[in-house]
Amino acid sequence: MLKDIQVTGNKDTRSGFGEGILEAGRKNENVVALTADLLGSMKLNAFVKEFPERFIQCGIAEANMIGVAAGLTIGGKIPYTTTFANFSTGRVYDQIRQSVAYSNKNVKICASHAGLTLGEDGATHQILEDIGLMKMLPGMTVIVPCDYNQTKAATIAIADYEGPVYLRFGRPVWPIFTTENDFVLGKAQKLSDGKDVSIFACGHLVWKAIEAGRILEEKGISVEVINVHTIKPLDVAAIIESISKTKCAVTCEEHNIIGGLGDSIAQIAAKNLPIPIEYVGTNDTFGESGKPSELLVKYGLDTPNIVAAVEKVIARKNA
């Protein structure tokens, strides 16, 4: 039951990355951190203090950072590039495509301050297209963890994975409700069993899906909430198993509904079991400056929006 999921604290997911890369560095001497003038924002202070010889400050030169990282892999290093999600993808897409993805370099592209919850920095920094950009690159693994613990676990895990990775996380303080053992790359995490509707969510919206699910359970609706932290490769078996039971779905993401998690779920459904699907995400729009919680409400990504989407999709299923 969703009511049994306990919040053990509140912390930003980017701090989970900072703790994770420190532990990854302790486990593997080939782990190297690079940043584009955002050491503090990316929570790299502890890593730099412990491993100063394994840190490269690239300055405000993100394209060069990607090139340096690609080169480091040739010598067996495992470079983690760090900057805001907008600069990690949109600004350097050509470099990622040509120097990392095309040649399957073992670069870990670690991106913070993603989505609307970046908040007051506004539309120019609130990238809402990055999941789509990165999942379309052949061979690119895309991970969007839901809380501090899961971000830490994912950061550690990708050091052992051979190949390019895009790891997306955020800025705001957010509820912690998983353990570090709840992450397996490529395997979706089922948070509740249900028979009436499947809710597939990633990132910050996993918690919103849990909140919505609790409200729906009180209304007598049986909800299956699945945390799709790995967008690519997608856990196809888990998705088919769930929708085969519920016969309808809602997808939730802090991203444009065009090209994100929702599109991936819909593609699986279309190929295997066509069902009604409703999408919770931004609708072909840029964001704006504001408080994270208020932006989620304005752009339709809050708990009541998920509840409404579930009620709508169930009505469609039963029509």
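Use the structure listed above.
These numbers were taken from a predicted model, which means no experiment stands behind them. (Residues numbered from 1 in each chain as written. Predicted model: local features only at pLDDT ≥ 70, side-chain atom pairs only at ≥ 80, totals over all residues. Heavy atoms only, no water.)

(A) Structural view of the overall build of the protein. Helices and strands together make up the secondary structure of the protein, namely 12 helices and 14 strands. Relative to the 2.2 N^0.38 estimate, which gives 20 Å for 319 residues, the radius of gyration of the protein is 19 Å and therefore close to what a compact globule would have. Across the 319 residues that make up the protein, the buried fraction comes to 61%. As displayed, the protein offers around 12300 Å² of accessible surface, 51% of which is attributable to carbon and sulfur atoms. The centroid of the 32 positive side-chain charges in the protein is displaced by 2 Å from the centroid of its 36 negative side-chain charges. (Helix = DSSP H or I, 4+ residues; strand = E, 2+ residues; numbered from the N terminus. Rg over C-alpha atoms; globule rule 2.2 N^0.38 Å. Buried < 20%, exposed > 50% of the residue type's maximum accessible area, 1.4 Å probe, protein only. Areas by Shrake-Rupley, 256 points an atom, 1.4 Å probe, with all protein chains shown as cover. Lys, Arg positive; Asp, Glu negative; His and termini not counted. Charge placed at Lys NZ, Arg CZ, Asp CG, Glu CD.)

(B) The nonpolar core, seen in detail. Among the nonpolar cores identified, the biggest contains 41 residues, and I96, M134, M140, V142, Y166 and F200 are the most heavily contacted of them. Taken together, the elements giving at least two residues each to this core come down to strand 2 (31-35), helix 3 (62-74), helix 5 (93-101), strand 5 (108-112), helix 6 (130-135), helix 9 (236-246) and helix 10 (261-272). Considering each element in turn, this core owes the most residues, five residues, to helix 10. Among residues more than four places away in sequence, those in contact with I96 are I66, S88, T89, A101, I109, M134, L137 and M140. Ranked by size, the runner-up nonpolar core spans 35 residues in total, among them V250, L295, I306 and A309. (Core = buried A, V, L, I, M, F, W, Y, C linked by side-chain atoms within 4.5 Å. Contact = heavy atoms within 4.5 Å.)

(C) Broad picture of the state of the cysteines. Summed over the entire model, instances satisfying the criterion amount to zero disulfides. Here C58 stays free of any disulfide, with the sulfur of C110 as its closest cysteine sulfur at 13 Å. C252 provides the cysteine sulfur closest to C202, a residue in no disulfide bond, and the two sulfurs are 8.7 Å apart. Judged by its relative accessible area of 2%, C202 falls in the buried class. (Disulfide = S-S within 2.5 Å.)

(D) Here's a closer look at the packing of aromatic side chains. For the coordinates displayed, the defined rule picks out four aromatic pairs. With a centroid separation of 5.2 Å and 35° between ring planes, the pair formed by F177 and W207 is classed as tilted. Placement of the pair is F177 in the loop between strand 8 (173-176) and strand 9 (189-190) and W207 in helix 8 (residues 205-218), with a sequence separation of 30 residues. Like F177, the residue W207 is buried in the burial classification. When the ring centre of F51 is taken as origin, the NZ or CZ atom of R54, which lies over that ring, is 4.0 Å away. (Phe/Tyr/Trp six-rings, centres within 6.5 Å; stacked < 30°, edge-to-face > 60°. Lys NZ or Arg CZ within 6 Å of the ring centre and 35° of its normal.)

(E) Here's a closer look at helix 7 (residues 148-157). With nine of 10 residues buried, helix 7 is to be regarded as a mostly interior element. Of all the positions in helix 7, only Y148, N149, Q150, T151, K152, A153, A154, T155 and I156 are classed as buried.

(F) How the structure looks around the pairing of strand 11 (residues 223-227). In terms of burial, strand 11 is a largely internal element, five of the five residues being buried. On strand 11, burial covers both faces: V223, V225 and N227 on one face and E224 and I226 on the other are all buried. Pairing analysis gives five bridges linking strand 10 (residues 197-201) to strand 11, with the strands arranged parallel. The residue of strand 11 that forms the bridge with I199 is V225. Chirality of the crossover, the property in question, places the unit of strand 10, helix 8 and strand 11 among those that are right-handed. (Pairing = 2+ DSSP bridges. Right-handed = clockwise from strand over helix to strand, strands pointing away.)

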